[in-house]
Amino acid sequence: QLVRLADYRPSDFLIDTVDLDVNLDPHATRVTARLKVRPNPEGRENAALALDGDELKLVSVAIDGAELEADAIEVSPERLSIANPPRGPFELTIVTKIDPTANTRLMGLYRSNASYTTQCEAEGFRRITYFLDRPDVLAVYTTRIEGPTDETPLLLSNGNLMETGPAGRGRSYAVWHDPHPKPSYLFALVAGDLAKVSDTFVTLSGRTVAVEVFVEHGKEDRAPYALDAIKRSMRWDEEVFGREYDLDVFMVVAVSHFNMGAMENKGLNVFNDKYVLASPETATDGDYANIEAIIAHEYFHNWTGNRITCRDWFQLCLKEGLTVFRDQEFTSDTRSRPVKRIQDVRALRAAQFAEDSGPLAHPVRPQAYAEINNFYTPTVYEKGAEVIRMLKVLIGPEAFKAGMDLYFDRHDGQACTIEQFIACFAEVSGRDLGQFMLWYHQAGTPEVTIRTAYDAAAKTFTVTAAQRVPATPGQPTKQPAVVPMVTGLVGPDGADMPLVIAGAPAGPVFALTEAETTLVFEQVPVRPAASLFRNFSAPVKLSTDLTDDDLLFLAKSDSDPFNRWQAGQTVALRNLVARVDAQRAGAPAPEEPRLAEAVARAFDPSETDHAFAAQVAALPSEGDVAREIGEDVDPDAIHAARAALKLDLARRLAGPLAAAFERLVDEGPYSPDAASASRRALKISALDYLAAGGAPDGVARAKALYDGATNMTDRIMALQVLSLSASDARDAALADFHDRYKSDPLLIDKWFLIQASAPLPDTLDRVRALMTTPAFDIRNPNRVRSLVGAFGSGNPTQFNRADGLGYAFVAEVARELNGTNPQVAARLLGAFKTWRALEPVRRGKAEAALRAVAAAPGLSPDVGDIVRRALG
Ligand code: ARG
Ligand code: ZN
């Protein structure tokens, strides 16, 4: 059944303090919760006290020390109701018994590899004890943990450590106190035998904070990068947002069984180990970048999420969109700002635009949900971040900063709504942000169509922008949004012309607020090339009447690096679509030789920004082409078109590519810093072209790079290049990789992923075979994502096999996981998010696979919700 935003009402009761006593046992952990409860003045009078539970077993319940008789309560695994609780403050004591070993859902308290971990967001705390498990109930927590000293010498929870010592009978205990009131989803507990790598950080105001990273014994040498990233995040949040850390200790724990990336529990972040552990021999440049960004993201939640939290789960983007924005800014300040923007936009289009155009589309702030876990989406996170970025563009950086300061000031310690957040910016800027709110309400990617006209006699340049938001499930009609269009007019000399409208300086930010907006630029001496939506100033789908000549000129001359990149991509995308059309019509492939000139610049020795060059050199993805085509999509035709363009470029640029590879291949000792990583990225890009179509010479180079690799980036990238086509070199390298790294699950994940994403006809058989090997463990979400997730969401031709076996396979694994880990099962089905855009044969097979899941007995809410919405 649906939970609706419109039905929100304040809790009838509040909980001021929580005293938890967790007595750990693999199968019978006993949890005693002593809660100080009082009626909420904003709640209903004389209401029953109804606490949430999930698979709980009640041992006893008492009010002010007096145990309640069975007839005073109503209890089930999902609920504990007390019809007539005291009408003033009282103490409620609840004892529950749980089995952490049997908890395969990895929500609540679970045990894996002999350690205990919790995951409570969104609704996992109710799997530990009966509670008002909603984010607007904020309490001060004191947690006593007790466990066997040999198995769990380490006992961690939120806040500051108050006491620790022996508890008798070979057991120890620790008491933690978190002075900051928090919702239950931020509770955490970790117990196990882990190694600690630590450092200290002195805050702006001079307090010394212990910074600690916990990893498995023997992996201490893989922790320093994450540790350093924490300290850099702390400094950055002080400098840029004026936010200081607020406890004596900040802890990060790496765990190997984890449903998501990481979790921002107060003072005790829990991380998927793949986003903590890094060494040159085991982590790629991409891993280092991810670790840095996710450490920053979770740390930044301390203010945006924890100190100020969400009133209800509809407001998820209040913390997630804002915190993604903050981590993007951190990375932009730490690495290359334009390259970060390009990478983020690539990812946004791949994941969010795809979601927004299909049956799972939903607003940044949804109005209703059946299962909140299915709304941790690219729309809430990444589009949510774009909305914040647009707000900053529209009101300007000073007003944005003032609005953030006001928000922190006014709402510290509260559970808030998007309206309260936006009100801060309206207030400081004096702007009416009513129309802006549509970005939170309306699903779908706005389509902006641009027509331009130059009048040589009048010296005017007219830009007409029409916007339209497509219909999405439940939202047949839409209103025009306020779309910030940052614009430049680039003259033939490559310089930006002054922007003059009605005789006065204008722009560069133009807010499109109507279905159609016309801008007449004056005093324009020659026809310019319009550089529109600079730095991707709004998350829209853009189509323009710019010619390929205009775009190729912008690709060379635009002062905006994002649009320099985008212009080249647009030309490539147009060519790819034309190639697909031609192929399906049996016509010869249309060529665009000038594209080679643009790509050649990336490999020119004079190009010193290697990271940017690597982005320029990378063609639009198969997904980009599929979305551009929009309907009746044939993934094989797209793959063939893209492969042909790549080969065409490789042939035209054979000399420069080989020279670039030779120039870039020799480097000193490995360092994960951005400049060194960029050099490797460009080198791999050259190699990827050189090996296009399985060219023997390129394959030989890839094999040599693989064999001689001194770091994981080179090794994995070479393996990736080799894996795009079948060859003996590929088989040998895959076997070698397995031999070298078979004892390291995170590296076997890379090996899984490369094989699962290979665009080869035997991939599905291989994936099925790999699932039966001991290295695979269906209980471990990282294994499942690397093999089955990568096949479903990262292999367009093989998942979309015309015989439908790819769909059937992913559906089958999702059904298998439905009972043990519904969250991971539901995620796998995300692979179907664009199924309606497929050509009829595949569409039919995809639908049949979804219908088979829908008809299966015992569907979890997670899986049931996804298939129902996917089928519409
Ligand atoms: N809050 C976490 C983060 O973004 C993610 C939690 C995901 N939870 C879930 N139920 N899927 O950092
Ligand atoms: Zn987050």
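What counts and what doesn't
Residues numbered from 1 in each chain as written. Chains lettered and ligands numbered in written order. Predicted model: local features only at pLDDT ≥ 70, side-chain atom pairs only at ≥ 80, totals over all residues. Helix = DSSP H or I, 4+ residues; strand = E, 2+ residues; numbered from the N terminus. Rg over C-alpha atoms; globule rule 2.2 N^0.38 Å. Buried ≥ 20, exposed ≤ 12 C-beta atoms within 10 Å, placed from the backbone. Contact = placed C-beta atoms within 7 Å. Near = placed C-beta within 6 Å. Nonpolar A, V, L, I, M, F, W, Y, C, P; charged D, E, K, R; others polar. Core = buried A, V, L, I, M, F, W, Y, C linked by C-beta atoms within 7 Å. Pairing = 2+ DSSP bridges. Right-handed = clockwise from strand over helix to strand, strands pointing away. Axes fitted to C-alpha atoms, helices over the stretch in contact; angles between N-to-C directions. Parallel < 35°, antiparallel > 145°, perpendicular 65-115°, else oblique. Left-handed = near helix turned anticlockwise from the far one by under 90°. Expected span 1.5 Å × (residues − 1). Arc of directions from axis to C-beta. UniProt positions renumbered as here; feature names shortened; annotations may be inferred.

So, the overall build of the chain
- Counting its secondary structure elements, the chain contains 27 helices and 34 strands.
- For 872 residues, the compact-globule estimate of 2.2 N^0.38 gives 29 Å, and the C-alpha radius of gyration of the chain, at 28 Å, lies within 12% of that figure.
- Relative to its full complement of 872 residues, the chain shows a buried share of 52%.
- In the chain, of all internal contacts separated by at least 6 residues, the share reaching a separation of at least 24 is 68%.

Focus on the site of ligand 1
- Neighbouring ligand 1 are Glu121, Ala122, Met260, Ala262, Met263, Glu264, His297, Glu298, Glu320, Asn373 and Tyr376.
- Listed by contribution, the elements that provide at least two residues to the shell around ligand 1 are β20 (262-263) and α2 (285-300).
- Among the residues forming the shell around ligand 1, the class breakdown is five nonpolar, two polar and four charged.

Describing the environment of Ala278
- Along the chain, Ala278 falls in the loop between β21 (268-272) and α2.
- We classify Ala278 as buried; it has 25 C-beta atoms within 10 Å.
- Once the C-alpha coordinates of Ala278 and Asp221 are considered, the two residues, 57 residues apart in sequence, prove to be 8.2 Å apart.
- Setting aside its immediate chain neighbours within four residues, Ala278 contacts Arg222, Tyr225, Ala226, Ala283, Asp287, Tyr288 and Ile291.

Some remarks on the nonpolar core
- Counting 265 residues, the largest nonpolar core has Ala226, Val253, Val276 and Val810 as the members making the most contacts within it.
- Residue contributions to this core peak at 10 residues, all from helix α5 (residues 378-395).
- Beyond its immediate stretch of four places on either side in the chain, Val253 contacts Leu156, Val190, Leu194, Phe214, Leu268, Val270 and Phe271.

Some points on the pairing of strand β14 (residues 160-168)
- Burial within β14 is sparse, with just zero of its nine residues counted as buried.
- Bridge count between β14 and strand β15 (residues 171-182): seven bridges; the pairing is antiparallel. Paired with Glu163 across the two strands is Val175, which belongs to β15.
- Between β14 and the antiparallel strand that follows it, β15, lie two residues; Arg169 among them carries a positive phi value of about 50°.

Notes on the pairing of strand β19 (residues 249-255)
- β19 sits mainly inside the fold: six of its seven residues count as buried.
- Of the strand pairs in this sheet, strand β18 (residues 208-215) and β19 are connected by five bridges, and their pairing is parallel. Across the sheet, the residue bridging to Phe214 is Val253, located in β19.
- Following the backbone out of β18, through helix α1 (residues 224-241) and into the adjacent parallel β19, one traces a crossover that is left-handed.
- Pairing of β19 with β21, which is carried by five bridges, proceeds in the parallel orientation. Looking at the pairing, Met251 lines up with Leu268 of β21.

Section: the sheet that holds strand β7 (residues 73-76)
- In space, the three strands of this open sheet follow the order β4-β8-β7, with antiparallel pairing throughout. Unpaired on one side and paired on the other, β4 (49-52) and β7 mark the two borders of the sheet. Each strand of the sheet is rotated relative to its neighbour by a mean of 10°, with strand direction disregarded.
- Summarising the sheet, β4 and strand β8 (residues 79-82) pair through four bridges and their orientation is antiparallel. Bridging across to β8, Ala50 finds its partner in Ser81.

A short note on the packing of α1 against α2
- Contact pair α1 / α2: the axes reach a minimum separation of 9 Å and the direction vectors enclose 45°. Viewed along their axes, α1 and α2 adopt a mutual orientation that is oblique. Note on packing geometry: the crossing formed by α1 with α2 is right-handed. Where α1 abuts α2, its residues Tyr225, Ala226, Ala229, Ile230, Ser233, Met234 and Asp237 lie against Tyr288, Ile291, Glu292, Ile295, Ala296, Tyr299 and Phe300.

Describing helix α19 (residues 728-741)
- Taking 1.5 Å of rise per residue, the 14 residues of α19 would be expected to cover 20 Å, and the 20 Å separating its terminal C-alpha atoms lies within 8% of that figure.
- Buried residues of α19: Ala729, Arg730, Ala733 and Phe737, and no others. In an axial view of α19, the angular spread of the buried residues amounts to 95°, which keeps them on one side of the axis. Every exposed residue of α19 that faces more than 90 degrees away from the buried side is listed here: Asp728, Asp731, Ala735 and Asp739.
- Tucked inside the fold, the buried residues of α19 contact α17 (696-708), α18 (712-722) and α20 (745-756).

So, helix α27 (residues 861-871)
- Where α27 is concerned, the buried positions are Asp862, Val863, Asp865, Ile866, Val867 and Ala870.
- If you follow the buried residues of α27, they end up packed against α24 (805-820), α25 (822-828) and α26 (840-855).

Focus on the UniProt feature "domain: Peptidase M1 alanyl aminopeptidase C-terminal" (unreviewed entry) in the chain
- As recorded in UniProt, the feature "domain: Peptidase M1 alanyl aminopeptidase C-terminal" (unreviewed entry) lies at residues 548-871.
- Secondary structure within residues 548-871 divides into 73% helix and 0% strand; the distance between the first and last C-alpha atoms comes to 39 Å.

Structural notes on the UniProt feature "domain: Peptidase M1 alanyl aminopeptidase Ig-like fold" (unreviewed entry) in the chain
- UniProt marks residues 444-544 with the feature "domain: Peptidase M1 alanyl aminopeptidase Ig-like fold" (unreviewed entry), using the numbering shown here.
- The span residues 444-544 shows a helical share of 0% and a strand share of 46%, and its end C-alpha atoms are spaced 20 Å apart.

Brief notes about the sheet that holds strand β6 (residues 66-67)
- On the basis of which strands lie adjacent, the open sheet formed by eight strands has the order β6-β5-β9-β3-β2-β12-β15-β14 and mixed pairing. Taken across any chain shown, the strands that pair with only one partner, and hence form the sheet edges, are β6 and β14.

Examining the packing of α24 against α26
- Axis separation between α24 and α26 bottoms out at 9 Å; the angle between their running directions is 15°. Accordingly, the angle class assigned to the pair α24 and α26 is roughly parallel. Crossing of α24 over α26 shows right-handed handedness. Mapping the contact onto sequence places Tyr807, Ala808, Ala811, Ala814 and Arg815 in α24 and Lys845, Ala846, Ala849, Leu850, Ala852 and Val853 in α26.
- For the contact of α24 with α26, the residue count by class is nine nonpolar, no polar and two charged.

Some points on unusual backbone geometry
- The linkage connecting Glu121 with the following residue, Ala122, adopts the cis geometry, with an omega of 0°.
- By secondary structure assignment, the location of Ala122 is in the loop between β11 (115-119) and β12 (139-148).
- In this structure, Glu55 is a non-glycine residue whose phi angle is positive, near 55°.
- In this structure, Glu55 sits in the loop between β4 and β5 (57-63).
- With phi around 60°, Leu106 is a residue other than glycine that occupies positive phi space.

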